[in-house]
Amino acid sequence: MESIHPANMHPLKHYIDIMIGRLSGILAEKNPPQILVDVGGVGYLVDVPMSTFYNLPAAGDKVTLLTHFIVREDAQILFGFGTATERDAFRQLVKISGVGPRTALSILSGLSVSDLAHAVSTQEVGRLVKVPGIGKKTAERLLLELKGKFGEDLGVADSTVQSETQSDIVQALLALGYNDKEARAAFKHLPADIGVAEGIKQALRALSK
């Protein structure tokens, strides 16, 4: 068998995104910003922004979160979000050099997605510096790097996706392999009173065009 010399192996990246897209189970514990989700007898520790935490059900109830799993050389951390737009915002933030997941979580705990989207579109530094740990220079750099990647429409989608039915439609599309952007775009034009099954059917029809 051919051996691989260590020198020829790719070094471990600082962060590796593993596609664990969703987690459903029983909310066992709530210790902000961390929660414990029991999935078939296995307890998953999940870090969530306070915007998600405030909308969690009571302990003992079922919970479903969209997730982002980060692996580092010294830790493996699972982050959970109540909406696709929160996760999108988190992913945009951690792409910025010098912004780690903890900082991104702090920003999303201090600002709603719509507030962050508005701050980006208006380049309003004052909103970001109110977040603990974010100074003026860091805020200016964040706003500059997010410009053009973070629109006001995220804020609109954030309030819309709170509907349980629409959330189920989005999660079904994600499970079928569509990305967040495609899923949001598909349900955006669906009637507000549509059912889950019909909504999925119409969304798939739109995505196939």
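Residues numbered from 1 in each chain as written. Predicted model: local features only at pLDDT ≥ 70, side-chain atom pairs only at ≥ 80, totals over all residues. Heavy atoms only, no water.

Identification of the protein chain as Holliday junction branch migration complex subunit RuvA from Saezia sanguinis is taken from an unreviewed UniProt entry. In its Sequence similarities (unreviewed entry) section, UniProt records this for the protein chain: "Belongs to the RuvA family." The UniProt entry for the protein chain carries the following comment under Subcellular location (unreviewed entry): "Cytoplasm". (UniProt positions renumbered as here; feature names shortened; annotations may be inferred.)

A. Representation of the UniProt feature "domain: Helix-hairpin-helix DNA-binding motif class" (unreviewed entry) in the protein chain in the model. Here, the residues flagged by UniProt with the feature "domain: Helix-hairpin-helix DNA-binding motif class" (unreviewed entry) are residues 91–110 and 126–145. Helix makes up 70% of residues 91–110 and strand 0%, with an end-to-end C-alpha separation of 16 Å. Split by type, residues 126–145 is 65% helix and 0% strand. Its first and last C-alpha atoms lie 16 Å apart. (Helix = DSSP H or I, 4+ residues; strand = E, 2+ residues; numbered from the N terminus.)

B. Highlighting the pattern of salt bridges. What the rule picks out here adds up to five salt bridges. Between Asp 115 and Arg 127 there is a salt bridge, with the nearest N and O atoms lying 3.0 Å from each other. Within this pair, whereas Asp 115 is found in helix α4 (residues 113–122), its partner Arg 127 is found in helix α5 (residues 125–128), the two being separated by twelve residues in sequence. On the basis of relative accessible area, Asp 115 is assigned to the partly exposed category, the value being 30%. Judged by relative accessible area, Arg 127 falls into the partly exposed class, the value being 23%. Put simply, Glu 145 and Arg 141 hold a salt bridge, and the shortest N to O gap is 3.6 Å. In this pair, Glu 145 and Arg 141 both sit in helix α6 (residues 136–146), four residues apart, roughly one turn of the helix. Because the salt bridges share partners, they merge into one network encompassing Asp 115, Glu 124 and Arg 127. (Salt bridge = Lys/Arg side-chain N within 4 Å of Asp/Glu carboxyl O. Buried < 20%, exposed > 50% of the residue type's maximum accessible area, 1.4 Å probe, protein only.)

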